[in-house]
Amino acid sequence: MELCKYPKRENIRTFHIEAIQIPIVYNKYGDYDPNGLLYVLEEDAERIKTEALKRFEMEIPQPYKEVQPLVIRVNLGDTVKVRFRNSLNRRLSIHVQGLSYDVNTSDGSSVGYNDDSTTNGEIWYTWYADTEGVYLFHDMADPRSTEDATNIHGLFGAVIVEAPEAKWFDPETGEELRSGLMADVYQPGKPAFREYSVFFHDELEILNREGEQPVDPHTGLPSSTTAISYRSEPMRNRMPHSHDPADSAEDVSMSSWVYGDPAPPILFAYVGDPVKIRLLHGGVKETHVFHLHNHQWRLEADNPASTILDSISLSPQECYTLDILYGAGSLNHVIGDVIFHCHLYPHFMEGMWTLWRIYDRLQDGTGELPDGTPIAPLMPLKDRERPPKKDGCHPGYPNFIEGRFGESPLQPPLGVLLPGGGVTNKPTPLERANFVENAVPGALYTDTCPCCTDERVRVFEIAMVQAKITYNRYGWHDPQGRFFVLKEELERHGGLECYIRKVERQEIKVEPLVIRANAGDCIELRTTNLLPEFIEGSPFQQRTRTDIVGHHLHLVKFDTIVSDGSANGWNNIAGARKYETLVERFFANEELRTVFFHDHLFANVHQQHGLFGALIIEEAGATFHNPQNGKELRFGTRAVIRRKDGTSFREFTLFVHDFAFLFDRKGKPLNPPAVPGSHDDPGVMGINYRAEPMRERLRKKEDPAYLFSSFVHGDPATPIFETYPGDELMFRLIDGAHEEQHSLNITGMSWRKEPADARSPLAASQTLGVSEAFNLNVTRRYGAGDYLYYFGGIDDAWLGLWGILRVHRRYRRHLQPLCQGKGMIQPLPPCPSKDDVVRRYEVVAVQKKLIYNKYGDHDPNGLLFVPKEDVDQVFSGKYMPKPLILRANAGDWIEVTLHNA
C-alpha cells in the first residue's frame, strides 16, 4: 500500500538510538561473541548492558532475552526522526535501505561528494515512511567484511512500516511496544495479526564457554556458527547420549524431548491467528534459504496468480514480508512445533533453526513444558475467538504427548507399522483424548484431509534402498547411493536383491523418484526402510548410524506432530527403523506444482547420496502418461500431462545436487575433504544422479569449442529430454542437495517467471537454492535441434551439470506426439518477411589487456566483443573497453555476424 492513497498528514515519530558493545551470548551452552555490537533504544541501554554482563559472568555464560536486533515500528506516512548516539571508540552510523531520505544528511555513510553522515558522537537522521513493509538498517561507517568490521558482530536492525493508525502490543503482556522482534498488530478495518521479525545472518566470530574456537566433536575441525536474531543452536552442542562414535544424534538433534528448546527465538501463536513474518538477511556474506514447515505464502502477497512458496533464497541485505496463507496452523489448523531453518544443510547443522509453537489451548502463564520450563503467557488477539482453557483431558500442547524429558521422542501412535503386523506405538488415553474426531494413522491431531476425499485416498507404497549408482560412462559412482523407489518396482524386478543387482549392473538407470497427484487429492505415503543401519566410513564421511529414516514433504498440508518426517520440538519422531513402515497423510489443496521431499532425520548424511524426490501436484482432472506409448504413468522424471480441457504438455523433472560423494572407476575419491566429515565443499555434482564432466570429455586436450558436441564426444550421461517443435514444455526444477546456489540456463528458450501470471516478465535462467522448486513453462514457439541446458556457475559446468533438450524434426517411433497427432508436428518458426525489421550487427571478438582501475589491476589476456567499426580504436588504445550491448525493438529480427580476430 502506498502513501499516495491517503491524505497527507505530518506525523513525526522520534527514536533515540545508541550503539553498545557487549559480549553477545548465543545459547545456553555459553557460546558467545566477545565483541558483540548492537543498536538499542537509549532508554534501554544501561539495563541491557547491566543484565547482559551479569549473565555473561555466570559460570556458563547465559543469553539475556533483550539482547536482540533492534526492531522499531512506525505508521505509513510518518516522518521518522532518529537521534543516533555513538559512545564507542570508532565511527558508526545507521544506514536504512528502502525508505526515502536526503542522501546528504541521512544516508549513514560518506559517499562521493556527499556530506559525511557517519559519526563518532551524535547525529540526527530523517526518514520518510512512504511504503508499508520491512526495511533493514545497519552500519555503513565500517562496511568491511572482516571480523574487525561491525556487521559480523551484529550491528543491524529493522524499521517496519505498518498501516496508518495501526498500533502494536507485546504478545505476552498486552502493553504497547516501543521496540521488539514480535508484536501483535491491530489495524483499523482489518484483522489483527501476529508479527514476527526473523533475522538470518552470517557465520559468526564465536568462542565457546572456555573462550576458545568451537570444535566439531566428531571431526575435530573448527566449527562454524550461523545464527537467527543473535541466537544459535548448533548440533555440536546437542551431543549424543551414547558413547558410540558412530552415533551423531542428528535424528534427535532438533528434539526438545532430548535437549530442551533451541536458543533462537521461538514464535508463538494460537491456531488460526493471522500472521506476517518479516524476514531479513542482516549479514553481508552468505546466501541462505529460509524454509518454513507446514505453511506457505505467495511470492507476491496481493497477486492470487503468484506462486505459492515455503522456501525462498535470501541474499545479504534482502528483506521479505511473508503473509502466511490461512494463518498459524495453515488450512488444516495444525497444532504443535513447526520448524523453520536455513535449508543449506551445513547452516542448519551450525545452529540456524528454531520453532514456531502453535497452541491449541489458552496459555495464561501457569503451565510448564515437560522439562519444567515455565510456559510464558500469550495474549489472545482481541478480534478472534478466545482459545479454550486447559482441563484434565486437554492440558494443551505439548503436555498430552507421551514422552520423558532427556530421552528420545517416541514414534507416532499408530503411525509406524511392524514388518509382521501391528504398530510400534499405541496411543495413551491422554493422547487419544486429544485426537481429532476422524483420526487416522498419520493424521491424529489435525484433520488433514477433508471428508470428501475419504473414498479416494491416493496411496503410494515406497521403499528406501541403497545401491551403487554410476553417474556416467567414465565410472564416476557412489558406492552407497540411497534413494526412494516404489515397492512395485522392486517386485517387478524380482525383489530387493535382484533390483539392487540390476541397478549396480546399470541395467536399471535409477533416477530420483517422481510421483504425481492432483489438486484436491488426499495422499498417503507408506514408506518402508530397507536401508543398512550405517553409512560406512569413507574419505568423505565418518561411519554414521542411520537406523531411523523418514520423509518430509514441502507445500502439502499435514499433521506436524506425526507426519513431518522429523523430530522437531516436542513432536513425535516420524521415522521408520529397519523393515518398519512409516505412514503419513497429506492433503494437496490446490495445484501446488513441484513438491520436494527428502529425509529430514539424517539430512546432513543422506542428501549427498541422493535420498530426495518429488511429488508433483497437477491440476484437478489431469492425467499422467508415458511419453513413449501414451499409457498411464505411475512415476518418472518424464511425463505427458493431459489437462482436463484436452490440451497436453511435456513435463521434465530436473534435480540438481552438489556435495555428491563420488569415486572414479578405480575407487579414488573425487575431491575428498581434508578430514572425513568436513563441509569444506567436498565431492562433485550431479543432475538426476548423472554428470557429464568437462574434465573427462577434454581428457585428450580436444578443442573446448566442441565440448558439448555429440558428433565429437557422443551424447552426455545427463538426461536428454525429447520433444517436437512447438510442444508446450514444463520443466520442474528442484535443488535436492546440499549447499551451493545454482542457476539453470536453457539456450533458445524462455518462460514467465510466474507460470500462472500472463503479465509476469520473461526469463531465460533461474537461480535456486537447496529445497527451492521452480516451474518453467515454455509456451513460446521453438524449432527443431539440440538445445543446451546448463547450470551457469563455472564449477557446475566443469563438473558436468549440463545436458540436451532434443527437438526432433520428424516423427520418432519411441516418442508419441501430443494430442494433435504425428502429422501435425509444428514447423520451424517463420523467416523474416519483406516488411519485417532486420537489425544487422557485425561484431569482432578481440584479445586485449583489460585495465580494471587506476591502481593497475588488469587482465593481460582480456577477451571482449566490440563493434567491427571500433576495432582499430581498440588496438590503438582510443576505445574504453566495455561489455557489448546490442539493442532492438520488440518484434525485430537481429542478425549478428561474428568475426574472430
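Refer to the structure above for everything that follows.
Residues numbered from 1 in each chain as written. Predicted model: local features only at pLDDT ≥ 70, side-chain atom pairs only at ≥ 80, totals over all residues. Heavy atoms only, no water.

Trainee: Outline the overall build of the chain, supporting the account with residue identities and numerical values.
Mentor: Each helix and strand counted, the chain has eleven helices and 54 strands in total. On C-alpha atoms alone, the chain measures out to a radius of gyration of 29 Å, which is about the 29 Å that the 2.2 N^0.38 rule sets for 901 residues. With respect to the three principal axes, the spread of C-alpha positions in the chain is 80 × 75 × 55 Å. Burial statistics for the chain: of 901 residues in total, 57% are counted as buried. Total accessible area on the chain stands at roughly 37,500 Å², and carbon and sulfur atoms take up 50% of it. In the chain, the 97 positive side-chain charges and the 125 negative ones have mean positions that sit 6 Å from each other. (Helix = DSSP H or I, 4+ residues; strand = E, 2+ residues; numbered from the N terminus. Rg over C-alpha atoms; globule rule 2.2 N^0.38 Å. Buried < 20%, exposed > 50% of the residue type's maximum accessible area, 1.4 Å probe, protein only. Areas by Shrake-Rupley, 256 points an atom, 1.4 Å probe, with all protein chains shown as cover. Lys, Arg positive; Asp, Glu negative; His and termini not counted. Charge placed at Lys NZ, Arg CZ, Asp CG, Glu CD.)

Trainee: Would you mind going over the sheet that holds strand E41 (residues 720-723) in detail, with residue names and values included?
Mentor: If you trace the five strands from one edge of the open sheet to the other, you get E41-E49-E48-E43-E46, paired in mixed fashion. Single-partner strands in this sheet number two, and they are E41 and strand E46 (765-768). Here the strands of the sheet are splayed against their neighbours by 20° on average, with no regard to which way each runs. Two elements, strand E48 (residues 785-791) and strand E49 (residues 802-807), share six bridges in a ladder whose sense is antiparallel. For Leu 788, the partnering residue across the bridge sits in E49 and is Ile 804. (Pairing = 2+ DSSP bridges. Axes fitted to C-alpha atoms, helices over the stretch in contact; angles between N-to-C directions.)

Trainee: Let's hear about the environment of Arg 361: which residues, and what values?
Mentor: Summarising the element assignment, Arg 361 is placed in the loop between strand E23 (353-359) and strand E24 (416-417). Assessed through its relative accessible area of 15%, Arg 361 is described here as buried. The spatial distance from the C-alpha of Arg 361 to the C-alpha of Asp 836 is 69 Å, given a sequence separation of 475 residues. Not counting residues within four places of it along the chain, the set of residues in contact with Arg 361 comprises Tyr 270, Pro 387, Pro 388, Lys 389, Lys 390, Asp 391, His 394 and Gly 396. (Contact = heavy atoms within 4.5 Å.)

Trainee: Please provide a residue-by-residue account of the pairing of strand E43 (residues 742-746), values included.
Mentor: The element E43 is largely enclosed, with a buried count of four among its five residues. Pairing between E43 and E46: four bridges, direction antiparallel. Note that in E46 the partner of Leu 744 across the bridge is Gln 766. As defined by bridge partners, E43 adjoins E48 across three bridges and the pair is classed as antiparallel. In the strand pairing of E48, Ile 746 is matched with Tyr 789.

Trainee: Tell me about helix H6 (residues 496-504), and please be specific about residues and values.
Mentor: Every buried residue of H6 is listed here: Tyr 499, Ile 500 and Val 503. Relative to the axis of H6, the buried residues are bounded by an arc of 95° and lie together on one face. Those residues of H6 hidden inside the fold are in contact with strand E25 (457-470), strand E26 (477-486) and helix H5 (487-492). After H6 finishes, the residue Gln 506 shows a positive phi value of roughly 65°. (Arc of directions from axis to C-beta.)

Trainee: Quick rundown of a nonpolar patch on the surface? Include the residues and the values.
Mentor: Together, Tyr 706, Phe 711 and Val 712 line one region of the surface with nonpolar side chains, adding up to about 410 Å² of accessible area. Looking at the secondary structure, you find Tyr 706 in the loop between helix H8 (694-697) and helix H9 (710-713). (Patch = residues over 30% accessible without salt bridge, like charges linked within 9 Å, V, L, I, M, F, W, Y side chains within 5 Å. Salt bridge = Lys/Arg side-chain N within 4 Å of Asp/Glu carboxyl O.)

Trainee: For a negative patch on the surface, give the residues involved together with the corresponding values.
Mentor: Taken together, the side chains of Glu 437, Asp 447, Asp 454 and Glu 455 define an acidic patch exposed on the protein surface. The topology assignment puts Glu 455 in the loop between helix H4 (429-433) and E25. Of the residues examined, Glu 455 reaches a relative accessible area of 78% and is grouped as exposed.

Trainee: Residue-level account of the packing of aromatic side chains, with values.
Mentor: Under the counting rule described, the total for this entry stands at 31 aromatic pairs. Relative to Phe 137, the ring of Trp 127 has its centre 6.1 Å away and its plane inclined at 35°; by these criteria the two rings are tilted. Of this pair, Trp 127 sits in strand E8 (residues 122-128) while Phe 137 is found in strand E9 (residues 133-138), placing the two residues ten residues apart along the sequence. Look at Trp 127 and you get buried, because its relative accessible area is 0%. Look at Phe 137 and you get buried, because its relative accessible area is 0%. By the ring-pair criterion, three or more aromatic residues cluster together here, those being Tyr 39, Phe 84, Trp 127 and Phe 137. Cation over ring: Lys 276 sits above Phe 193, and NZ or CZ is 4.8 Å from the ring centre. Sitting above the plane of the Phe 534 ring, Arg 543 keeps its charged end 3.8 Å from the centroid. (Phe/Tyr/Trp six-rings, centres within 6.5 Å; stacked < 30°, edge-to-face > 60°. Lys NZ or Arg CZ within 6 Å of the ring centre and 35° of its normal.)

Trainee: Describe the nonpolar core, listing the residues and the values that go with them.
Mentor: Formed by 67 residues in total, the largest nonpolar core has its most connected members in Phe 483, Phe 731, Met 749 and Leu 805. Residues in contact with Phe 731, not counting those within four places in the same chain, are Phe 652, Leu 654, Phe 721, Ile 746, Phe 774, Asn 775, Leu 776, Val 778 and Leu 805. (Core = buried A, V, L, I, M, F, W, Y, C linked by side-chain atoms within 4.5 Å.)

Trainee: So what's going on with the sheet that holds strand E50 (residues 838-847)? Which residues, and what values?
Mentor: The strand order across the open sheet formed by three strands is E53-E50-E54, and the pairing between neighbours is mixed. Of all strands in the sheet, those bounded by a partner on one side alone are strand E53 (863-867) and strand E54 (893-900). Along the sheet, successive strands turn relative to each other by an average axial angle of 30°, direction set aside. The sheet contact formed by E50 and E54 spans eight bridges and is parallel. Bridge pairing in E54 links Val 843 to Leu 898.

Trainee: How would you summarise the state of the cysteines if you had to cite specific residues and measurements?
Mentor: A complete count under the given rule lists one disulfide for this structure. A sulfur-sulfur distance of 2.1 Å marks the disulfide that ties Cys 449 to Cys 522. Between Cys 449 and Cys 522, the S-S dihedral sits near 80°, and the bridge is therefore right-handed. Remark: Cys 522 occurs in strand E28 (residues 522-529) and Cys 449 occurs in the loop between H4 and E25; sequence separation between them is 73 residues. (Disulfide = S-S within 2.5 Å.)

Trainee: Go over the side chain of Ser 771 with me, naming the residues and quoting the values.
Mentor: Tracing the backbone shows Ser 771 in the loop between E46 and strand E47 (773-778). A distance of 2.8 Å separates polar atoms of two side chains, one belonging to Ser 771 and the other to Ser 311. Residues within four places of Ser 771 in sequence aside, it is in contact with Val 289, Ser 311, His 343, His 554, Phe 596 and Asp 735. (Polar contact = N/O pair within 3.5 Å; in protein donor to acceptor, adjacent residues only side chain to side chain.)

Trainee: Can you lay out unusual backbone geometry for me, pointing to particular residues and giving the numbers?
Mentor: Along the chain, Tyr 397 connects to Pro 398 via a cis peptide bond; the corresponding omega equals 5°. In the segment running from Ala 737 into His 738, the intervening peptide bond is cis, with an omega of 5°. Looking at the secondary structure, you find His 738 in the loop between strand E42 (729-737) and E43. Not every positive phi belongs to a glycine, and Ser 330 is a case in point at roughly 60°. Even without being a glycine, His 333 presents a positive backbone phi close to 60°. One can find His 333 in the loop between strand E21 (319-323) and strand E22 (336-342). The class for His 333 is partly exposed, based on a relative accessible area of 48%.

Trainee: So what's going on with the layout of surface pockets? Residues and values would help.
Mentor: Considering only enclosed or pocket space, the second largest pocket measures out at about 1,300 Å³ in volume. Sorting the residues of the lining of the second largest pocket by element identifies E25, E26, H5, H6, strand E27 (513-518) and E41 as the ones contributing at least two each. Looking at the lining of the second largest pocket element by element, the count peaks at four residues for E26. Residue composition of the lining of the second largest pocket, by class: 22 nonpolar, eleven polar and 15 charged. (1 Å grid on protein atoms, 1.4 Å probe; cavity = no way out; pocket = protein on both sides within 12 Å on 5 of 7 lines; lining within 4 Å. Points joined across faces, edges and corners; volume = space filled by probe spheres on them. Nonpolar A, V, L, I, M, F, W, Y, C, P; charged D, E, K, R; others polar.)

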